[in-house]
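Commentary on secondary and tertiary structure
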Amino acid sequence: MLQSFLFGFAGDLDAPFAVVPVIAQAGTALAPLLALAVTSTLGLLMRPKDLLKTIKSKPWILLIVLAVVGVLWWLVVWLMAPPAVAARPERAGATAVASANPYQTDWAEVALALIRQHEEAATAPPAPGTGAAVPPAGTVPLPAPLPAPAPAPLPAPTSPAAALFFRGDVHRSGYLGGPSPVGLKPAWSYYAQDERNAMVLSSPMVRDGLVYTASCLIDPPGSYGSVACVELATGKERWLTVAKSATGKEELTGFFSSPALTADGSRLLIGQGLHTDYDACLVCLDARTGAVLWTVPTPLHLECSPSIEGDIVVVGAGAVEVGESHQPVGDPQGHGNPGFVLGVRISTGEVLFRQPVNDPEGSPILEHGICYIGSGMNGSKAVAFRADLSDAELQAKGLGRMLWSIDTPYPATGAVTLAGDSVLIGCGKGDFVFAAKDPEGVVLAIDKRTGAKQWSVTVPDAVLGAIAVAGTTAIVPCRNGEVVAIDLAAQGAVRWRARVNKTAPVLAGPAITGSHVYAVSNDGYLAVFDVADGRQVERVYLNAKGRPGELGLCTSSPLIVDGRVLVGSETGGLRCFIGGAP
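What this report covers is the structure whose coordinates are included nearby. (Residues numbered from 1 in each chain as written. Predicted model: local features only at pLDDT ≥ 70, side-chain atom pairs only at ≥ 80, totals over all residues. Heavy atoms only, no water.)

1. A word on the sheet that holds strand β11 (residues 307–309)
- In spatial order, the strands read β11-β12-β15-β16; together these four strands make up an open sheet with antiparallel pairing. At either end of the open sheet lies a strand with only one pairing partner, and these are β11 and β16 (350–356). Between one strand axis and the next, the sheet turns through 20° on average, direction left out of account.
- Where strand β15 (residues 340–345) meets β16, six bridges bridge the pair, whose relative direction is antiparallel. By the bridge assignment for β16, Val341 is matched with Gln355. (Pairing = 2+ DSSP bridges. Helix = DSSP H or I, 4+ residues; strand = E, 2+ residues; numbered from the N terminus. Axes fitted to C-alpha atoms, helices over the stretch in contact; angles between N-to-C directions.)

2. Brief notes about the environment of Ile512
- Relative to the elements of secondary structure, Ile512 occurs in strand β29 (residues 511–512).
- The class for Ile512 is buried, based on a relative accessible area of 1%.
- Residues Ile512 and Thr473, 39 residues apart in the sequence, show an inter-C-alpha distance of 9.1 Å.
- Once residues lying within four places of it in the same chain are set aside, the contact partners of Ile512 are Ser173, Tyr175, Ala468, Val469, Ala470, Thr473, Ile475, Val517 and Val531. (Buried < 20%, exposed > 50% of the residue type's maximum accessible area, 1.4 Å probe, protein only. Contact = heavy atoms within 4.5 Å.)

3. Overview of the packing of aromatic side chains
- In the structure shown here, the tally under the stated rule is six aromatic pairs.
- Note that Arg167 overlies the ring of Phe166, its terminal NZ or CZ placed 5.9 Å from the centroid.
- Of note, Arg539 hangs over the ring of Tyr525, and the distance from its end group to the ring centre comes to 5.2 Å. (Phe/Tyr/Trp six-rings, centres within 6.5 Å; stacked < 30°, edge-to-face > 60°. Lys NZ or Arg CZ within 6 Å of the ring centre and 35° of its normal.)

4. Description of the pairing of strand β35 (residues 574–580)
- Examined bridge by bridge, strand β2 (residues 182–190) and β35 share six bridges and lie antiparallel to one another. The residue bridging Ser189 from the neighbouring strand is Arg575, located in β35.
- With five bridges joining them, strand β34 (residues 564–568) and β35 adopt antiparallel strand pairing. For Leu566, the partnering residue across the bridge sits in β35 and is Cys576.

5. A word on the side chain of Arg499
- Along the polypeptide, Arg499 turns up in strand β28 (residues 493–499).
- No salt bridge is formed by the buried Arg499, whose closest oppositely charged neighbour, Glu482, lies at an N-O distance of 4.3 Å.
- In this structure the side chain of Arg499 is engaged in a polar contact, spanning 3.0 Å, whose partner is the backbone oxygen of Lys502. (Lys, Arg positive; Asp, Glu negative; His and termini not counted. Salt bridge = Lys/Arg side-chain N within 4 Å of Asp/Glu carboxyl O. Polar contact = N/O pair within 3.5 Å; in protein donor to acceptor, adjacent residues only side chain to side chain.)

6. Here we look at the nonpolar core
- Grouped together as the largest cluster of nonpolar side chains are 36 residues, with contacts concentrated most on Leu282, Tyr372, Trp404 and Ile446.
- Contributing elements (two or more residues each) for this core: β9 (281–286), β10 (292–297), β12 (312–317), β15, β19 (381–386), β20 (402–407), β22 (422–428) and β23 (441–447).
- Apart from residues lying up to four places away in sequence, Ile446 is in contact with Ala382, Trp404, Ile406, Asp421, Ser422, Val423, Ile425, Gly451, Ala452 and Gln454.
- Counting residues in each nonpolar core, the second largest holds 34 residues, with Ala192, Ala214, Val227 and Leu240 among its members. (Core = buried A, V, L, I, M, F, W, Y, C linked by side-chain atoms within 4.5 Å.)

In structure tokens form, the structure reads like this:
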């Protein structure tokens, strides 16, 4: 999904990004001295006979050579060392799975928080854009927009008794009830362990006034992750988990996957790993304390977000592809693996099945015992299969697992969405990091019972985020920077199209209420649109002030609940905005 993630995007950097300015400045200042020392020392070392002769005649030369080499070595180590970050020593010394931080008042931190809040509130948002933007040259034209329909009533929020997963439920609306806020103002920001370098790539989940979120800290050659629970009203941390076990020796890796909660709210499920990771695992935590209850290891990464029904969770294990061919490469043991879908019994951690599916990195949906999921690189399919029985149970009943499979025009890396009897899935050329030279995307509607194609609509670029549905309106995120509203009752006819921030890609799934659409561009802008005509109502910036996202990894999908907007960011942590009713 995140093709080659950080390393493919940044060119295999050997030093953390925060160190680059330090290296540049120090290197410039010391360049003449370093060049002289290096050339003189290396020139002598490259002539062993001259070196030996010089040492015999002038023994003190040896001391100078050793001193120069020592100084150079110290400079290299000092320059290449990552900046001191408070969270890393805490992680290294972690001995517990979760920490319930005591709420002691640190008045210095309170003062700093007030200053940050004042600065954020004083920051004027960019001038609002317009809906129905004219597409740039070279993009695929869409059908003429339909007349604006009357605003739909607010959709019913998800039942408190239902399981909650990526974007809330099978409609992927990203709306959990309450007013549809406008006039957004920052309420709070949360950084796990005050780690300002951590990114929140995944999307939050909310239940009973608590927010569950995951983070990712890039620390080449690997990454570190955390799962946290904070209060919706204040952003105050309830618990934080950074390790897989009570010993604290095996830290969690970075998260792209979003948390899911069981119907009773007692357990949290989340996939682990980024696109280049092997040997990740599915993690089950106690939602009340953050304690890890069990893990299921996999040879691949779990970037997609789990789906839950009853006591069963399903999640896709995606392949690691490299090069222009995008062929799956072997794991460290030399075994190639194109991917599979994992099914696990939540109460026990028992593995029910590993169903082969090529690169299933788009989040699945589990409904009435059937799993719907897309197949990405080297697959280009949408599939449905039985997920409520183990392999042994299926064999005993004489049933096969696969129900149907349908080809998609391009890799189907977006999350599937259900709308009535239809499975909606987006696909396209390009991925989260690399744009296609000839971009194109498609939204496909499939009969969820038979797998027959119902209709399709072409959009200007790849659809990588989840499609959000409310009533007969579906909001499609496009990699070219647009969100496109289509009419499900008219076989995907276009209602309107609008841009978040110029041509910045929209990689995250949007949210839709009865009156507004909320969408995020990868460079860190959250835009609010009128659901009727696509007019941009307002736009706010998500990344930290003075720290713009340099990687374009604002991939967190916004969640709307109780008049608040919750969304992750590349440099601004988990953000909470509050606004008034429209």
